[in-house]
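Residue-level listing of the chains:
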Amino acid sequence: MVENVARLTPTPRMTPFIEVSGLEKRYDTRNGPINAIEKVSFSVSKGEFISIVGPSGCGKSTLMKMIGKLLQPTSGSIRFHGLPAGADSPDLGMVFQDAVLLPWRTVFQNVCLPIEVMGLERAKYERRARELIELVGLKGFENKYPSELSGGMQQRTSIARALVSDPSLLLMDEPFGALDALTRETMTQELQRIWMESKKTVLFITHSIPESVLLSDRVVVMSARPSKVQEIIDIDLPRPRQLTDTTSAAFGKYVSHIRGLLSATTEL
Amino acid sequence: MVENVARLTPTPRMTPFIEVSGLEKRYDTRNGPINAIEKVSFSVSKGEFISIVGPSGCGKSTLMKMIGKLLQPTSGSIRFHGLPAGADSPDLGMVFQDAVLLPWRTVFQNVCLPIEVMGLERAKYERRARELIELVGLKGFENKYPSELSGGMQQRTSIARALVSDPSLLLMDEPFGALDALTRETMTQELQRIWMESKKTVLFITHSIPESVLLSDRVVVMSARPSKVQEIIDIDLPRPRQLTDTTSAAFGKYVSHIRGLLSATTEL
Amino acid sequence: QTKLTVQGGAPVPTYTLLGLYVGQQLGYFKAEGIDLEIRNTANASTAVQLMASNNADIALATVEPLLLGQENGVKAKAFLLNHKTLMYNIAVPKGSNITSPANLKGVKIGVSNLGSASLTVAKSILLSAGVTPTADTFVPVGVGDQALTALRSGKVQALAMWDVMYAAMERNGQQFTYFNHPTLGTFGNLASMASDATIATKQKALCGYGRALAKSSLFAAENPEAALQLYWDFNPAARVPANNPEEIKKAVAELKYIADIFNVGFGPGEKYGVIDEEKFKQYAELLYKDKGTPEKTPAVSSVATSALTACINEFDRAAVRKAAKEWKK
Amino acid sequence: MSQVISATITPVRRLPRFDTGSVLSVVVAVVLLGGWEYCVRAGVIPGYLLPSPSKVVMQLYADLMHESVRVDIYYTLAEILLGFALATVLGLLFGAAIALIPIADKILSPYITCLQTIPKPAIAPLLIIWFGFGISSKVVIVALIAFYPIVVNAVVGFRGSDPRQILLMRVMKASRWQIFRMVQLPNALPYLMAGLQIAMVFSVIGAIVGEFLGASRGLGALIIQRQAAMDVAGVFSVLVVLSTVGIVLSVIIKALSKKLVFWGPAEEIRGV
Amino acid sequence: MSQVISATITPVRRLPRFDTGSVLSVVVAVVLLGGWEYCVRAGVIPGYLLPSPSKVVMQLYADLMHESVRVDIYYTLAEILLGFALATVLGLLFGAAIALIPIADKILSPYITCLQTIPKPAIAPLLIIWFGFGISSKVVIVALIAFYPIVVNAVVGFRGSDPRQILLMRVMKASRWQIFRMVQLPNALPYLMAGLQIAMVFSVIGAIVGEFLGASRGLGALIIQRQAAMDVAGVFSVLVVLSTVGIVLSVIIKALSKKLVFWGPAEEIRGV
Ligand SMILES: Nc1ncnc2c1ncn2[C@@H]1O[C@H](COP(=O)(O)OP(=O)(O)OP(=O)(O)O)[C@@H](O)[C@H]1O
Ligand SMILES: Nc1ncnc2c1ncn2[C@@H]1O[C@H](COP(=O)(O)OP(=O)(O)OP(=O)(O)O)[C@@H](O)[C@H]1O
Ligand SMILES: [Mg+2]
Ligand SMILES: [Mg+2]
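Residues numbered from 1 in each chain as written. Chains lettered and ligands numbered in written order. Predicted model: local features only at pLDDT ≥ 70, side-chain atom pairs only at ≥ 80, totals over all residues. Heavy atoms only, no water.

Peer 1: Describe the site of ligand 2, and please don't skip the residues or the numbers.
Peer 2: For ligand 2, the set of nearby residues contains 23 residues, the closest of which are E148(A), S150(A), S61(B), T62(B) and Q97(B). Near ligand 2, the surrounding residues are drawn from chains A and B. A distance of 2.8 Å separates an oxygen atom of ligand 2 from a polar atom in the side chain of S56(B). Contact between ligand 2 and K60(B): an oxygen atom at 2.7 Å from a main-chain N or O atom of the residue. Against a free-state accessible area of 630 Å², the protein chains account for coverage of 93% of ligand 2. Of all the elements in the fold, those that place two or more residues in the shell around ligand 2 are α6 (151-164) of chain A together with β1 (18-29), β2 (32-44) and α2 (60-67) of chain B. Residues belonging to the shell around ligand 2 are distributed by class as follows: seven nonpolar, 12 polar and four charged. (Near = heavy atom within 4 Å. Polar contact = N/O pair within 3.5 Å; in protein donor to acceptor, adjacent residues only side chain to side chain. Areas by Shrake-Rupley, 256 points an atom, 1.4 Å probe, with all protein chains shown as cover. Helix = DSSP H or I, 4+ residues; strand = E, 2+ residues; numbered from the N terminus. Nonpolar A, V, L, I, M, F, W, Y, C, P; charged D, E, K, R; others polar.)

What follows is the structure, encoded as structure tokens:
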């Protein structure tokens, strides 16, 4: 299929899957409006892995919510192409910036929420849920409630939940923000594996520039609020990428280019 | 004063300010207890900057809450030495893992909360509040409510709040977790400056190993749950430390040593 | 068996409906071919409303709502007066220095509420004694112990209530001197009423109802102790406080007082339940005058009928007296 | 095979003139009243049971023109407001005590429930002896009835704060009172306002119950008088006044609630 | 100049035998009852106003031995429970409608307030004609009174969900009903349970009010009869029964609430 090719030859210029054009978002607050997003246009091909980086408060979460149809743009449009007739938007998995777990459900029940809501086949998807819980390192915590979890454990639960329904579009808002170095490495590698195996389209917000380079076909760099797209960088590195690749010169060049765009000098 | 010397010669073996000994914490949950902390002992000198790193869910937040007297240990003790008679614990500033803002207060009002609660001198500390809001990059957002802020902006508000009362003990639980590279660099540098200027004792939880090395006198590395102290590493690097120092060989040695302890191979 | 529902004008079973309970227990209604259902409701107005709208066949209540409801289209008539006297009068504690209605000038009089017809009657008593009531003459004090409290605490010096209420207070040791209405004092304002439609279609049943009620009233007058037992059998809740001899003695005294009120028209040559049209007219005039619309006073013929008096009296009084005498538990 | 989310800024706000909600409300009201009028006129329901709306309106007009009825309205309104105020103060005090002092919960809760379940008419003599025949006994009855919803909601509200916010306050060594005032009180506001709304409406009933026990003034006394006189239109006219009082007062509470709980979550969703 | 936070595991749990709260409760009760008994015996309060507790207890014992009183208790209890159940169902339905359908709010709210402010005795004939004389009209009156607290709390509760949780559901393209059932209903539970607790206690009053409008059975009827007979001890005996019913029912609701809202925030703080 075309998507498989996309993975080997990054940034294919096919008919776009998601087309964001002239998107603007203004929030009306008690004391005046906030222009979160000034004018943003870009497009995403089917099966692409796109990272979004940008300063805190530049509108990344806002953009993702609009793509997930959770928020109405002030102007501009978001188009989905190539969807089967009748579907109102692609099937979606989303990791919010904060975990957003239902406190009356255990870890397992939270992960299984999409199965219940979407009416998926129980036996098959519950097996998948257990696998994912193990993958995110929460084996043994299936029956704990969110208030009994650490911050990172909550975030991992929400990652498992986003993946359980095997969605074709995955929106992830700083999914690995609260994870330690080792867990983060593992999760990054697993995400890459899952993406490569299942032809998902992924939009991935992160503050870690190496992470964005490691995972993405393209990195969208946004400028400070009211934000625009500053640059879109094709990451022309072979797949699958290993953690050891991060020390390569080519990798370093991408990282320092993006870092420069964000005026950062190091990676803490 | 002794503390100033401490900054130039790291890990001074003076009479400890905080002494954690044989600390254990077991949470009782609906389905059985969770042993969060097995046995932790270490001590902190006055004016020291200590980082705590460890895998997600190993009990870092739990430890910090116990030191902040917000949680009762199951066994073991936490002693504070050298406090003025009558004081029940040192004056404290705390950044929680999640921002914990009061939704009915604006950014400014949230930052000023400790001033009100502690009955500090209005004029002086409100000026300080405004300075801190500017420092964390929230100028112009003073009158916004928490629900009108991005995730990173909420976290920055809570950092300003922890600093406003100029506390002598600062407990920070992943304060920079939701910040982009540039903001994170700035905040790190500012925190170092504030610490050096004001002789605070700082306990700092982070998932970023370079960050812990850059900031700390000592780094406490915790093992996975039920956790113990795996190793305490003296960071013997001159102060003040610059971002450019992170590229030095000495710095790199510390980073990869800690990384090795946590079995991580890279820093994403 | 004809089904008849009678709507009492009190929220719970009370002595006011004594005749119904006694007749029910003795099978008098059954003997007339009547399957009687006794219901309670908050007050006389509601009872009349339910009866007039044919949600009950008979209302056994005071006649004021019947008279005043004519304006609103109530089409019903009293066909049987159950009471010996006008139940409303003024009472002062025995030994009070108020010895005649003329002494009531400036006295505060407790009424159950300002809507009670006892107020209208009391006003009329005062006026006929030459006392003009003022705005604060009548004080709403509720009923029962609440009213007694008001009297004993000196909040009011007299009460304008009704017989059953006084009986309860007397039982509790309060003795009264009563001032009756000079002209209407002997008008029994508790009546059995039915809608015009019911009167037209169920005449036979109404006659039977009247006869049974007459027989029970006579029975109660002849043997109050038996009536009390029958009432307790019907309504065990009423017996509860009376589980010691002292209480029982008081209860018998109270019932004697009540039974006497219903002992109307059983003298030689008298007829039970006769409707005195002249008094009826005067009472209606009194009410409408007090309301401020005397011109709307309904004609007696539209609120009362004597058509059933004859058939109601067709029973053997001696047999009832004999049964009362010989009654055994 | 393609679908769009888009929007353009619409500078002109939709005029409220054709607000469907309001229009529908009016339609429903007209249909209800019309049906009622018809039923009465056609004799489906006799006039002495249910007066026709037109008759009620005429009576209402006459009543409002009548000095004495206006005094009754003020009188009852005074009872409602004073009793409600008393209930609010006591309800908040007891609610806070029960929520925050574990021993107070154990000791007070049964008495409060007990007090609440006692039908006021049953203890009318005591109430009258203690509080007199005038307005004060009615105010007490209103307060007794309105108290409970406030206490219950206050207890749940005060207890329902986010524990992290309380930890935050403890870090600053906040006093018990500061924690209460700065965290628990604002957090409890949605509950408190709901409690006040329930209490407000029950205050209206409470005032009438109080007057039923014996009053020479007020709408409750008026109802009894008119009911005894079989003046159904008169009774309904008073009911309309009462309902209007209740609706107006509860709308005020609702508006106040919206103003006070301005940070509520509902807004964000609405924008979505 | 040094201070310690420490703890050791205490394997033996403190026995509840010397629970200060319970002991204090009993002490308070004894003092109250003793004082009351003294006041009555010493003639501070006349016996025809307030019977002495000992007399009430004796009467209570006699009552409970009495078949007919036990039937009255069952009768009133049935009214309370049926009316409460009806109010719960209707309250949740209307609450959900008002909270979730903006038009329903506008159209229904005024009628609900209006219904609530009408004193039931004023429309007694209509209630009786529509719902009959038996238990059903009492059940309706209980439901009418208990309905309001449930609706108000349900509306606030259903509206109060974390908007992020609703966004989460929308991501999964959850239906309106799924969002309601899986997010809004559990979130509203603390409100609903508070509403039910208020409603439960008002149900007790409601049953008595209903019986006051006309009943030959039930505790309300018994109160009126005894009041008319000026049997104060008898009245108080019924009040004790009523209060006990109220307290037991509200304790049940509280326990249920604790069980249902198990994830509540209160627990975490207690551990602190
Ligand atoms: N609900 C809201 N109401 C008003 N303003 C909002 C709201 N949500 C976000 N904003 C504003 O929109 C801007 C962008 O917010 P957004 O959350 O999209 O930023 P972000 O890029 O995700 O930042 P971060 O990296 O800190 O999470 C911010 O300035 C914020 O103040
Ligand atoms: N309130 C609680 N009740 C029960 N268990 C808890 C509670 N809080 C934390 N735990 C458990 O204690 C352990 C340590 O949690 P803690 O939050 O201290 O971890 P952490 O090191 O801060 O992790 P992270 O880096 O993910 O924030 C976890 O296994 C967690 O499940
Ligand atoms: Mg964000
Ligand atoms: Mg943590």
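Peer 1: Could you give an account of the UniProt feature "domain: ABC transmembrane type-1" (unreviewed entry) in chain D, naming the residues involved and the relevant values?
Peer 2: According to UniProt, the "domain: ABC transmembrane type-1" (unreviewed entry) feature falls on residues 73-257 of chain D. Taken end to end, residues 73-257 of chain D is 86% helix and 0% strand, and its two terminal C-alpha atoms sit 26 Å from one another. (UniProt positions renumbered as here; feature names shortened; annotations may be inferred.)

Peer 1: How would you summarise the site of ligand 1 if you had to cite specific residues and measurements?
Peer 2: For ligand 1, the set of nearby residues contains 23 residues, the closest of which are S61(A), T62(A), Q97(A), E148(B) and S150(B). Around ligand 1 the close residues trace back to chains A and B. G59(A) places a polar main-chain atom, nitrogen or oxygen, 2.8 Å from an oxygen atom of ligand 1. Between ligand 1 and S147(B), the relevant distance is 3.3 Å, taken from a nitrogen atom to a main-chain nitrogen or oxygen of the residue. Coverage of ligand 1 by the protein amounts to 93% of the 630 Å² it exposes when considered alone. When contributions to the shell around ligand 1 are tallied by element, the ones reaching two or more residues are β1 (18-29), β2 (32-44) and α2 (60-67) of chain A together with α6 (151-164) of chain B. Residue composition of the shell around ligand 1, grouped by class: seven nonpolar, 12 polar and four charged.

Peer 1: Could you give me a rundown of the pairing of strand β3 (residues 58-62) of chain C, with the residues and numbers involved?
Peer 2: Residues and elements named next belong to chain C. The element β3 is largely enclosed, with a buried count of five among its five residues. Bridging between strand β1 (residues 2-8) and β3 involves three bridges; their strand directions are parallel. Each bridged residue has a counterpart across the sheet, and for V6 the counterpart in β3 is I58. Here five bridges tie β3 to strand β10 (residues 190-195), and the two strands are oriented antiparallel to one another. (Buried < 20%, exposed > 50% of the residue type's maximum accessible area, 1.4 Å probe, protein only. Pairing = 2+ DSSP bridges.)

Peer 1: If you had to explain the coordination of the magnesium ion (ligand 4) to someone new, which residues and values would you point to?
Peer 2: All names here are of chain B. Distances from the magnesium ion (ligand 4) to its protein donors, namely S61 (OG) and Q97 (OE1), fall within the range 1.9 to 2.1 Å. Taken together, the residues S61 in helix α2 and Q97 in the loop between β5 (92-95) and α3 (107-111) connect sequence positions 36 residues apart. A relative accessible area of 23% places Q97 in the partly exposed class. (Donors = N, O, S within 2.8 Å, 3.2 Å for Na, K, Ca; no water.)

Peer 1: Could you give an account of the pattern of salt bridges, naming the residues involved and the relevant values?
Peer 2: Overall, the coordinates contain 54 salt bridges over all chains when judged by the stated rule. For D98(A), the salt bridge is made with R164(E), and the minimal N-O distance between the two is 2.4 Å. With one member in each of two chains, D98(A) in the loop between β5 (92-95) and α3 (107-111) and R164(E) in helix α7 (residues 163-171) form a pair that bridges those chains. Residue R164(E) is classed as partly exposed on the basis of its relative accessible area, which comes to 35%. (Salt bridge = Lys/Arg side-chain N within 4 Å of Asp/Glu carboxyl O.)

Peer 1: Account for the relation of the copies chain E and chain D, with residues named and values stated.
Peer 2: Once turned by 180° and shifted 0.0 Å along the axis, chain E lies on chain D with an RMSD of 0.2 Å. Such values leave the two copies arranged in the relation of a two-fold axis. (Least-squares fit on C-alpha atoms with pLDDT ≥ 70 in both.)

Peer 1: I'd like to hear about the environment of M182(D), residue by residue, with values.
Peer 2: Here M182(D) is to be found in helix α8 (residues 176-212). For M182(D) and G206(D), which are 24 residues apart along the polypeptide, the C-alpha to C-alpha distance reads 33 Å. M182(D) has contacts with L102(B), W104(B), R105(B), L113(B), E116(B), V117(B) and M169(D), leaving out every residue within four places of it along the chain. (Contact = heavy atoms within 4.5 Å.)

Peer 1: Could you give an account of the coordination of the magnesium ion (ligand 3), with specific residues and numbers?
Peer 2: Within the protein, the magnesium ion (ligand 3) binds to S61(A) (OG) and Q97(A) (OE1); these donor distances fall in the range 1.9 to 2.1 Å. Given a relative accessible area of 18%, S61(A) falls into the buried group.

Peer 1: Any details on the environment of L126(E)? Residues and values, ideally.
Peer 2: Structurally, L126(E) can be placed in helix α5 (residues 124-131). A relative accessible area of 7% means that L126(E) is categorised as buried. In this view, L126(E) contacts L49(D), L50(D) and F236(D); residues no more than four positions away in its chain are not counted.

Peer 1: Let's hear about the packing of α8(D) against helix α6 (residues 135-159) of chain E: which residues, and what values?
Peer 2: The relative placement of two packed helices comes down to the angle between their axes together with the axis-to-axis distance. Put simply, α8(D) and α6(E) touch, their axes get as near as 10 Å, and they point 155° apart. Judged by the inter-axis angle, α8(D) sits roughly antiparallel to α6(E). For the element pair α8(D) and α6(E), the recorded crossing hand is right-handed. In this structure, α8(D) uses P190(D), A194(D), Q197(D), I198(D), V201(D) and F202(D) to contact α6(E), whose residues at the interface are I145(E), Y148(E), P149(E), V152(E), N153(E) and V156(E). (Axes fitted to C-alpha atoms, helices over the stretch in contact; angles between N-to-C directions. Parallel < 35°, antiparallel > 145°, perpendicular 65-115°, else oblique. Left-handed = near helix turned anticlockwise from the far one by under 90°.)

Peer 1: Any details on the domain arrangement of chain D? Residues and values, ideally.
Peer 2: Here chain D is described as being made up of domain 1 (24-53) and domain 2 (66-260). Once you take the C-alpha centre of each, domain 1 of chain D and domain 2 of chain D turn out to be 33 Å apart. (Domains from an automatic or database assignment.)

Peer 1: For the UniProt feature "transmembrane region" (unreviewed entry) in chain D, give the residues involved together with the corresponding values.
Peer 2: In the UniProt entry, the feature "transmembrane region" (unreviewed entry) is given for residues 23-49, 73-101, 122-151, 191-213 and 233-253 of chain D. Across residues 191-213 of chain D, the secondary structure splits into 96% helix and 0% strand, with the terminal C-alpha atoms separated by 32 Å.

Peer 1: For the state of the cysteines, give the residues involved together with the corresponding values.
Peer 2: Under the counting rule described, the total for this entry stands at one disulfide over all chains. The thiol of C39(D) is unpaired, and the distance to the nearest cysteine sulfur, on C114(E), comes to 17 Å. (Disulfide = S-S within 2.5 Å.)

Peer 1: Can you tell me about the interface of chain B and chain D, naming the residues and giving the values?
Peer 2: Contacts between the two partners involve 24 residues from chain B and, on the opposite side, 18 residues from chain D. Note on chain B versus chain D: buried area summed over both sides is about 1,900 Å², and carbon and sulfur give 72% of it. Considering only the surface of chain B that becomes buried against chain D, L70(B), W104(B) and V117(B) emerge as the three largest contributors, covering 36% of it. For the interface between chain B and chain D, the tally reads one salt bridge. In this assembly, chain B and chain D are joined by two residue pairs in polar contact (both at pLDDT 80 or more). At the level of secondary structure, the elements contributing two or more residues to the side of chain B that touches chain D comprise β5 and α4 (113-118) of chain B. If one sorts the elements of the side of chain B that touches chain D by residue count, α4(B) sits on top with five residues. Looking at the side of chain B that touches chain D residue by residue, the class counts come to 15 nonpolar, two polar and seven charged. (Buried area = accessible area lost by both parts, 1.4 Å probe.)

Peer 1: Could you give me a rundown of α2(B), with the residues and numbers involved?
Peer 2: For α2(B), the buried fraction is high: seven of the eight residues fall into the buried class. K60(B), S61(B), T62(B), L63(B), M64(B), M66(B) and I67(B) are the residues of α2(B) that are buried.

Peer 1: Residue-level account of the interface of chain E and chain D, with values.
Peer 2: The interface is formed by 70 residues belonging to chain E together with 70 residues belonging to chain D. Across the chain E/chain D interface, buried area totals approximately 5,700 Å², and carbon plus sulfur atoms make up 75% of it. For the pair chain E and chain D, the number of links is zero salt bridges. On inspection of chain E and its partner chain D, the count reaches 13 residue pairs in polar contact (both at pLDDT 80 or more).

Peer 1: Lay out the environment of K228(A) in plain terms, naming residues and giving numbers.
Peer 2: Residues and elements named next belong to chain A. Mapped onto the elements of the fold, K228 is located in strand β9 (residues 227-234). Taking the C-alpha atoms as reference points, K228 and I37, separated by 191 residues in sequence, lie 6.8 Å from one another. With residues up to four places along the chain from it excluded, the contact list for K228 reads E38, K39, V40, V221, M222 and S223.

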